[in-house]
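Observations on the model geometry
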Amino acid sequence: MPAYATNMRLKFPILALILEIITIILFAVFTVYSDGTNHDDHKKPSNETHDEPEPMKLYPMFQDVHVMIFIGFGFLMTFLKRYGFSSVGLNLLLAAFGLQWGLLMKGIWHRDAAGKIPIGIDSMINADFSTATVLISFGAVLGKTSPVQLLIMTVLEITIFCLNEHLAVEILEANDVGASMTIHAFGAYFGLAVARVLYRPGLRNGHENDGSVYHSDMFAMIGTVFLWMFWPSFNSAIADPGLPQLTAVINTYLSLAACVLSAYAISSLVEHKGKLDMVHIQNATLAGGVAVGTCADMNIGPFGAMLIGFVAGIISTVGFKYLSPILAANLGIQDTCGVHNLHGMPGILGGLAGIVAVALGKKDGDAAMQAAALASSLGFALVGGAITGLIMKLPFWGQPPDQNCFDDSIYWEVPAEEEENEESGAHADHSKNKAEV
Amino acid sequence: MPAYATNMRLKFPILALILEIITIILFAVFTVYSDGTNHDDHKKPSNETHDEPEPMKLYPMFQDVHVMIFIGFGFLMTFLKRYGFSSVGLNLLLAAFGLQWGLLMKGIWHRDAAGKIPIGIDSMINADFSTATVLISFGAVLGKTSPVQLLIMTVLEITIFCLNEHLAVEILEANDVGASMTIHAFGAYFGLAVARVLYRPGLRNGHENDGSVYHSDMFAMIGTVFLWMFWPSFNSAIADPGLPQLTAVINTYLSLAACVLSAYAISSLVEHKGKLDMVHIQNATLAGGVAVGTCADMNIGPFGAMLIGFVAGIISTVGFKYLSPILAANLGIQDTCGVHNLHGMPGILGGLAGIVAVALGKKDGDAAMQAAALASSLGFALVGGAITGLIMKLPFWGQPPDQNCFDDSIYWEVPAEEEENEESGAHADHSKNKAEV
Amino acid sequence: MPAYATNMRLKFPILALILEIITIILFAVFTVYSDGTNHDDHKKPSNETHDEPEPMKLYPMFQDVHVMIFIGFGFLMTFLKRYGFSSVGLNLLLAAFGLQWGLLMKGIWHRDAAGKIPIGIDSMINADFSTATVLISFGAVLGKTSPVQLLIMTVLEITIFCLNEHLAVEILEANDVGASMTIHAFGAYFGLAVARVLYRPGLRNGHENDGSVYHSDMFAMIGTVFLWMFWPSFNSAIADPGLPQLTAVINTYLSLAACVLSAYAISSLVEHKGKLDMVHIQNATLAGGVAVGTCADMNIGPFGAMLIGFVAGIISTVGFKYLSPILAANLGIQDTCGVHNLHGMPGILGGLAGIVAVALGKKDGDAAMQAAALASSLGFALVGGAITGLIMKLPFWGQPPDQNCFDDSIYWEVPAEEEENEESGAHADHSKNKAEV
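Report follows, based on the coordinates. (Residues numbered from 1 in each chain as written. Chains lettered and ligands numbered in written order. Predicted model: local features only at pLDDT ≥ 70, side-chain atom pairs only at ≥ 80, totals over all residues. Heavy atoms only, no water.)

Digging into the overall build of chain A
Test applied: Helix and strand definitions follow DSSP, with helices as H or I runs of at least four residues and strands as E runs of at least two, each counted in order from the N terminus. Radius of gyration means the value over C-alpha atoms here, while the globule rule gives 2.2 Å times the residue count to the 0.38 power. For every residue, the accessible area (1.4 Å probe, protein chains only) is compared with the maximum for its type, and the residue is labelled buried under 20%, exposed over 50%, or partly exposed between those bounds. Contact between two residues is taken to exist if any of their heavy atoms lie within 4.5 Å; hydrogens are not considered. Only the protein chains shown count as cover for residues, and all accessible areas are computed by the Shrake-Rupley method using a 1.4 Å probe. Working convention for charge: Lys and Arg count positive, Asp and Glu count negative, and His plus the chain ends are omitted. Think of each charge as sitting on NZ of Lys, CZ of Arg, CG of Asp or CD of Glu.
Of regular secondary structure, chain A possesses 14 helices and two strands. Rg of the C-alpha trace for chain A: 22 Å, near the compact-globule value of 22 Å for 437 residues, within the 12% margin. Counting over 437 residues, chain A shows a buried share of 69%. When contacts within chain A are restricted to residue pairs at least 6 apart in sequence, long-range pairs at least 24 apart make up 82% of them. On chain A, roughly 13000 Å² of surface is accessible, and the fraction owed to carbon and sulfur atoms is 63%. Charged side chains in chain A number 22 positive and 39 negative. The centres of these two groups are separated by 8 Å.

Some words on the relation of the copies chain A and chain B
Applied cut-off: Here the copies are superposed with least squares, the fitted atoms being C-alpha atoms of residues at a pLDDT of at least 70 in both.
When chain A is fitted to chain B, the best match, at an RMSD of 0.0 Å, comes from turning it 120 degrees and sliding it 0.0 Å along the axis. The relationship between the two copies is best expressed as a three-fold rotation axis. By C-alpha distance to the rotation axis, the residue of chain A lying nearest is P60 of chain A, at 3.8 Å. Here only 12% of the contact residues of chain A are again contact residues in chain B; the copies associate through non-equivalent surfaces.

Regarding helix α4 (residues 121-141) of chain A
All names here are of chain A. Inclusion rule: To estimate the expected span of a helix, count its residues, drop one, and scale the result by 1.5 Å.
Between the first and last C-alpha of α4 there are 31 Å, a value that for 21 residues agrees with the 30 Å anticipated at 1.5 Å per step. Counting buried residues along α4, 20 of its 21 residues qualify, which places the element largely inside the surrounding structure. A positive phi of about 90 degrees marks G143, the residue just after α4.

Thoughts on empty space enclosed by the protein
Heads up, the rule is: In the cavity and pocket records, a cavity denotes points on a 1 Å grid over the protein atoms alone where a 1.4 Å probe fits but cannot get out, a pocket denotes an open set with protein on both sides within 12 Å along at least 5 of 7 lines, and lining residues are residues with an atom within 4 Å of a point. Grid points are joined across faces, edges and corners, and a volume is the space filled by probe spheres set on the points. Residue type decides the class: Asp, Glu, Lys and Arg count as charged, Ala, Val, Leu, Ile, Met, Phe, Trp, Tyr, Cys and Pro as nonpolar, and the leftover types, Gly among them, as polar.
Under the definition given, this model contains 13 cavities of 30 Å³ or more. Considering only enclosed or pocket space, the largest cavity measures out at about 240 Å³ in volume. If you go around the largest cavity, you meet 20 residues; those closest to its centre are D64 and F230 of chain A, D64 of chain B together with D64 and F230 of chain C. Those elements that provide at least two residues to the lining of the largest cavity are α2 (59-76) and α7 (214-236) of chain A, α2 (59-76) and α7 (214-236) of chain B together with α2 (59-76) and α7 (214-236) of chain C. The computed volume of the second largest cavity comes to approximately 90 Å³. Lining the second largest cavity, in full, are F73, L76, M77, L135, I136, G139, N283, C337, G338, V339, L342 and H343 of chain B. Looking at the lining of the second largest cavity residue by residue, the classes come out as eight nonpolar, four polar and no charged.

Let's talk about the interface of chain C and chain A
Quick reminder of the rule: The term buried area denotes the loss of accessible surface (1.4 Å probe radius) that occurs when two parts are joined, taken as the sum for both partners. The working definition used for a salt bridge is a side-chain nitrogen of Lys or Arg within 4 Å of a carboxyl oxygen of Asp or Glu. Whenever a nitrogen or oxygen atom comes within 3.5 Å of another N or O atom, the pair is scored as a polar contact, on the condition that within protein one atom can donate a hydrogen and the other can accept it, and that pairs from neighbouring residues in sequence are kept only if both atoms are in side chains.
Counting from both sides, the interface comprises 73 residues of chain C and, opposite them, 79 residues of chain A. Summing both sides of the interface, chain C and chain A together bury roughly 6700 Å²; the carbon and sulfur share of this comes to 70%. Taken together, chain C and chain A are joined by zero salt bridges. The tally of links from chain C across to chain A stands at 14 residue pairs in polar contact (both at pLDDT 80 or more). Elements represented by at least two residues in the side of chain C that touches chain A include exactly α2, α7, α8 (243-270), α9 (278-283) and α11 (301-331) of chain C. When residues of the side of chain C that touches chain A are assigned to their parent elements, the largest contribution, 20 residues, is made by α8 of chain C.

That's the geometry; what it means functionally is another story.
The structure is reproduced here in structure tokens:
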């Protein structure tokens, strides 16, 4: 079975090293430090900062976004019982490479007079943003792909993301400060298209490891809560300074707060005996941050933001409960983390809210261009994701066989769960691969 | 047994949705964005920020406080072996609703000329503060109350907190920058009063789930350490800018550092064979942050702050070891998290230190007004908590029966602890309710 | 066996209380608040902050460093299966005392005109830095030392660190903004010298508790990721404001990103069947932050930083795989966390890179002085560590016997791992000491 040649010993190190070496060469040729001014004197301290721009002003917000990318996304995906190493570990790998690639791809459109790509805090924020698309898509295919496949997806998705974002934001001049359309909807539908192409009939009836245990749900809550707390920074980091940025913070804060209430309420309403479901709590409570993204810096009023969050919490929870099973059963879309419910539908909701808000004059803009940006994001995502999925489907990237899905031990050295159980042999199977070829 | 109608299917969703809808309506009527100036032009970026106030200046401190509320309090309470979902999950629910309610209740006293409540970073910090009182009280009744009861407590406690705080800080003009009195002592005694009213004789001899396991203590340490690190932001966020704010940071940093040493030392001194006890480490190490709160921005000298922290660590540890069992056995006060030792006594210590410091001229103020503010905080807490407890005791809020206390599975869908054990049936009982009616 | 008198009941509390009381007295005599100006009026808010320095400007960076010290180092060391309480708990103890001691020791060299030690945000950052040396050394002796031994090490190591740092940075005027030499190499070789003196032949063939379980590796990743994210703040916090500080952030961000790729690649290359090893992922991904430290604020170009990180990831991973076993077997250096691979060799690499960069004119300086600072750091570390190790080896500090190494239960009250297993007796041995004397 060559399709299941999951030994990564040569193909993964070679790919990772080549990608990094190419990237370092490109950085050597194309990038320069940039503090927003033209001088370039590193040798003496700049004591006269009074009249200059403040190159570090956005640094605290950058760090909030950084935490969302590496802790937030990383731990959110650790809910699977046997896939925590991969969730947080591959999240680190993909984001660390993705931010370098994103600096280059995004920088192509923003070169200085000398043709160089300037690197500063704002470009670091945008680089982190570009990795978010990959991490969203990662959620759709979590547990079913090899590190090699995922590195390939990272290169392709960030490239396509930067194309679409350039079109939507710079050519169409659409508003999307919190990137409901260009990051969330794009990342979700890109990932869903990949998942569709990589459809596994063998997982139609579920998989014993495709679920959580008590502690893995607790680790996932670390991710959820950090995402929830720092989302105002995500939606406001690249807003215009002053009132627009403040507005983006307030709107996101309130949208998320309202979203928690509706997500909890609907979770209880649709579940057995009115109990809360951790899947909803971990994910749907964040939909308000996604959905308010496009409108975040607009004058929609605090209650407008809350209304968006409130609706997003409902849509997302209902999606997890009723829509995801239908997509899996009828359309062959196996969406491990339910990114359609957290990023897909709330992202579209955000795009639609943006069209309405611009039409109502909440911010200068053109409602038709907003709609075009939403359509563009969905189109690039679906086509780009399908092509990327086809490339990822090539049989020599080490994709895991069905029975080894959702299991760290195929790509990681995994210790026993507990020392005592190991002695008793109860976990013996877990420290070994089930199918090594 | 109607008192134990713990099925939340209708009562919880209906209450949560109604509360949120009412809140959104109140926000639509009463709130406006505020950057501290009077202009309100969202449509163009404010390029001329030189002469304006900086509306985002306190944003990094706000985020520190935010982390304390959602990660700090949330994970600190996950020490219970079977109550992690509720600890971090209900913490999120109560704080998300509480901050909205707090914006309204606090804002009533701070309306602008048009009668509107202005929302900016400072009001978001105060809203987070108001939720802290609820989360402290939550600790006292942790494991023994339903989500419906807790939402009711949130509405009432924040309302009463805002009344007392207005009295203490604005009418009595007491100093309480880090809120030893108005948040910590208030929240603790409010919660203890509720716990007294909800006294459960059936838990007199303990409960098998009222304790930790190894991993749950590790999760709790995430909460402890984040609270410990960011407490300087809590105590200084609303201090006057410049030296007073810096002083509040330094005093809190040093008080907490000294408190760690005394808490560890006393823990070892009072425990079996000189061993350290996680309950003390998780909680008493934070007492220095509580106790230095009132004096944080005063010129008490670095050693003054350390002395307060040193004493707080001793009082708190001794309280956990000797006082809590007495309160439970003799006064019927079952304090799950020991909030009396972390927030109650250190809060009073902070209030007393504030009286002394003001009397010694460490800051302008009136020692009698400091004392009145402390008395007011305790009075409002005890009376308000008792009344709130009586309302929470009404038999239709879904309070859990004794045998289901401290167990997530009564209100949550809970996966098995471990896949293997599930197969062997060892955990079968845990994924089901013990008493569903 | 008096050498194994591990009961801490008197010796630990007495030492901790005496150290803290002495420290408070020294603070009372020697320290004052400092906002960088000379005025000292705490009683009124300073409304005129326009022309003054901003005493809180570095506060967000201080908090990032604070998170690295308390969450980063603390959780990174929780990878051991039965030593999580000690890892995060003793980390808190040592850092809380160390920062107080560091404020005094560092402050000796920076007294004001009145002979007082000024305390502000910059001195708090430096105090946190000084604790980092102790926490690095702690990693080398993790699991094999008592709290009393570790407190002694803290006092001595920070004192020696401040001596060496004063020599290296202020007398030799070497560049070391991110402290590759003065913190990382120093802390590592100090700890290795201590470990060599405390060599335990009984652990030559390993110890059943000297390893991880699945969940402990997950907790460790919390530490890894927070260290990784906030390292740019560590390396830039004390850089000159403006472009140098920005450069330090960018270089560290990029070095770490490149380091992740090489660490993952080499981990897969050297491991069984190409699998990734959590030891490498948790540690070697951080080597880029260490190695770029000395050069962080220099004009080495983004690709220069990436090259340093890329090489550091390789060296560190190879060190874990091949060098550590040799050091343990042949030189008697039992390095629990592999600090030689994360801090030792990457620290030397950083020092060497600094010599080259200064020689190439990337920053004003003297390459010979850079080399002298590296030699000084290694010399102070090895001699100071050996002397400290000899003092720690005295037979009355409660050092654990071999069979109780790597086990929380010798110094902590430890609950059973799981309630169910406790009932079945499987964990009964774990909640008790194996050897209490």
